[in-house]
Amino acid sequence: MNGKVYLVGAGPGDPEMLTLKALRVLKRADVVLHDELVSTEILAFVPSTARIQNVGKRCGGKSTRQSEINSLLVQYALLGLQVVRLKGGDPFIFGRGGEEMQALREAGIEVEIVPGITAALGAAAAVQIPLTHRGIASSLVFLTGHYAESANSDHWPDAIAPNTTVVVYMPGHNHDATAQKLRGAGVAPETPCAIVSRIGSPDERICQTTIAELSSIAALPAPSLLVVGEVVRFAQHRSLGEQFSQFVAGRLEALPGTRTQERAL
Ligand SMILES: C[S@@+](CC[C@H](N)C(=O)[O-])C[C@H]1O[C@@H](n2cnc3c(N)ncnc32)[C@H](O)[C@@H]1O
């Protein structure tokens, strides 16, 4: 008898963001194929008897092709195993879960989807930005920045309505291109935005700015995402204090005769 494949969302990193269902499925797995972004704390729930295989894209390193992942999932299931395909966030949000589901369906393998908390929701909670808010934000758009710089950028909407919160996954380092695309879609230059980096990890950070200033801020460590919209004004996080101190320090440095020691805040 064939086994079954579970496409499981692991959430943004913090093991407490895993659903009870994901935990139950993980604990019964024979094989786990996971993405690079899945934390070691979450992998610790996998039974010691199970095979764990990293099929994620490592920074600058070798990654497993999607076709190979699809065929591994099918092969393991044909051996009658309970297979977990564990992905960061949610499997159906920029996670290629749809492609894997199709490949499994074509091979006649049973597949079940276990949703996870997508990075946008994890970020919103971590930095206290309500993605919708009555009277301020009544629609929400998830985009991938992957295409912002490429000629093939039709993936971005031509127009973004006012009162919309936009979350850009994989915003990359070319903030200028992203800001231009957003402005081209009608987002006003004074619209607040924030890069939120490494949600759920001890070095989680946020950097708050506006679309007009976005190109001048340094990229934060990956993974990160960009949140755009009036609701960003609600953001609260310990790292915003650091950003303010750096801002003040930068201004003081620009003053003639200000010595480094005098800048200690
Ligand atoms: C290939 S997409 C996968 C998204 C995932 N399926 C989800 O639902 O969150 C990877 C992108 O998700 C975002 N991301 C994932 N985990 C994150 C985290 N812990 N902190 C910030 N952004 C994260 C980043 O934009 C990253 O480049």
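All residue numbers here refer to positions counted from 1 along the written sequence of the relevant chain. Selection of residues for local features in this predicted model requires a pLDDT of at least 70, selection of side-chain atom pairs for listing and counting requires 80 or more, and totals for whole chains, interfaces and linings are taken over all residues. As a convention, hydrogens and water are excluded, and side-chain values are obtained from all of the structure's heavy atoms.

Caption draft 1: Seen up close, the site of the ligand. The immediate surroundings of the ligand are formed by 17 residues, with Ile-93, Thr-118, Ala-119, Met-170 and Ser-224 found nearest. Each polar contact in these results corresponds to two N or O atoms within 3.5 Å; when the atoms are within protein, one needs to be able to donate a hydrogen and the other to accept it, and residues that are neighboring in sequence are counted only if both atoms are side-chain atoms. Contact between the ligand and Pro-12: a nitrogen atom at 3.0 Å from a main-chain N or O atom of the residue. A distance of 2.8 Å separates an oxygen atom of the ligand from a polar backbone atom of Ala-119. Each accessible area is a Shrake-Rupley estimate made with a 1.4 Å probe; only the visible protein chains count as cover when residues are assessed. Notes on the ligand: free accessible area 570 Å², of which the protein chains cover 86%. Taken together, the residues of the shell around the ligand break down into 11 nonpolar, 4 polar and 2 charged. By convention in this text, a residue qualifies as near a molecule or strand provided that one of its non-hydrogen atoms is within 4 Å of it. We call Asp, Glu, Lys and Arg charged. Ala, Val, Leu, Ile, Met, Phe, Trp, Tyr, Cys and Pro are nonpolar, and the rest, Gly among them, are polar.

Caption draft 2: Geometry of unusual backbone geometry. Here the amide bond leading from Ala-222 into Pro-223 is cis, since omega sits at -5 degrees, within 30 degrees of zero. Only runs of H or I of at least four residues qualify as helices and only runs of E of at least two qualify as strands under DSSP, and these elements are numbered from the N terminus. Residue placement: Pro-223 occurs in the loop between strand S9 (205-210) and strand S10 (224-228). Not every positive phi belongs to a glycine, and Arg-96 is a case in point at roughly 60 degrees. Among the structural elements, Arg-96 can be located in the loop between strand S4 (82-87) and helix H4 (97-106). Within the chain, Met-170 stands out as a residue other than glycine whose phi angle is a positive 45 degrees. Along the chain, Met-170 turns up in the loop between strand S7 (164-169) and helix H6 (175-184).

Caption draft 3: Quick look at the sheet that holds S4. Should DSSP find at least two bridges between two strands, the strands are taken to pair. Read from one edge to the other, the open sheet built from 5 strands follows the order S3-S2-S4-S1-S5, with strand pairing classed as parallel. Of all strands in the sheet, those bounded by a partner on one side alone are strand S3 (51-54) and strand S5 (110-114). Each adjacent strand pair in this sheet contributes to an overall mean axis angle of 20 degrees, direction not counted. Relative to S3, strand S2 (residues 31-34) runs parallel, the two being bridged by 4 bridges. Axis definition: a line fitted to C-alpha atoms, over the contacting stretch in the case of helices. Angles run 0 to 180 degrees between N-to-C directions.

Caption draft 4: Representation of the packing of helix H3 (residues 66-78) against H4 in the model. Their axes nearest at 9 Å, the elements H3 and H4 cross at an angle of 45 degrees. In terms of orientation, H3 and H4 fall into the oblique class. When you trace H3 past H4, the crossing you get is right-handed. Contacts from Gln-66, Ile-69, Asn-70, Leu-73 and Val-74 in H3 reach Glu-99, Glu-100, Ala-103 and Leu-104 in H4. Classifying every residue of the contact of H3 with H4 gives 5 nonpolar, 2 polar and 2 charged. Here roughly perpendicular refers to angles of 65 to 115 degrees, roughly parallel to angles under 35, roughly antiparallel to angles over 145, and oblique to all remaining angles. Working rule for handedness: look at the near helix, and if it is turned counterclockwise from the far one by less than a right angle, call the crossing left-handed; if clockwise, right-handed. Contacts: residue pairs with any heavy atoms within 4.5 Å of one another.

Caption draft 5: Region of the structure containing the environment of His-237. Mapped onto the secondary structure, His-237 falls in the loop between S10 and helix H7 (238-254). Only protein chains enter the calculation, and the probe is 1.4 Å; a residue is then buried if its accessible area is under 20% of its type maximum, exposed if over 50%, and partly exposed in between. Exposure remark for His-237: the relative accessible area of 13% places this residue in the buried category. In this structure, the C-alpha to C-alpha distance between His-237 and Arg-205, residues 32 residues apart in sequence, is 7.7 Å. At 2.8 Å, the side chain of His-237 and the side chain of Ser-239 are in polar contact.

Caption draft 6: Highlighting the nonpolar core. We define a nonpolar core as any set of buried Ala, Val, Leu, Ile, Met, Phe, Trp, Tyr and Cys residues linked to one another through side-chain atoms lying within 4.5 Å. Formed by 19 residues in total, the largest nonpolar core has its most connected members in Ile-129, Leu-131, Val-167, Val-196, Ile-206, Leu-225 and Val-227. Looking at this core, the elements with two or more residues in it are helix H5 (119-127), S7, strand S8 (192-197) and S10. Ranked by residue count, the leading element in this core is H5, at 4 residues. Not counting the four nearest positions on each side in its chain, Val-196 is found in contact with Ala-123, Val-127, Arg-205, Ile-206, Pro-223, Ser-224, Leu-225 and Val-227. Formed by 18 residues, the second largest nonpolar core is a distinct cluster that contains Leu-182, Ala-185, Val-187 and Cys-207.

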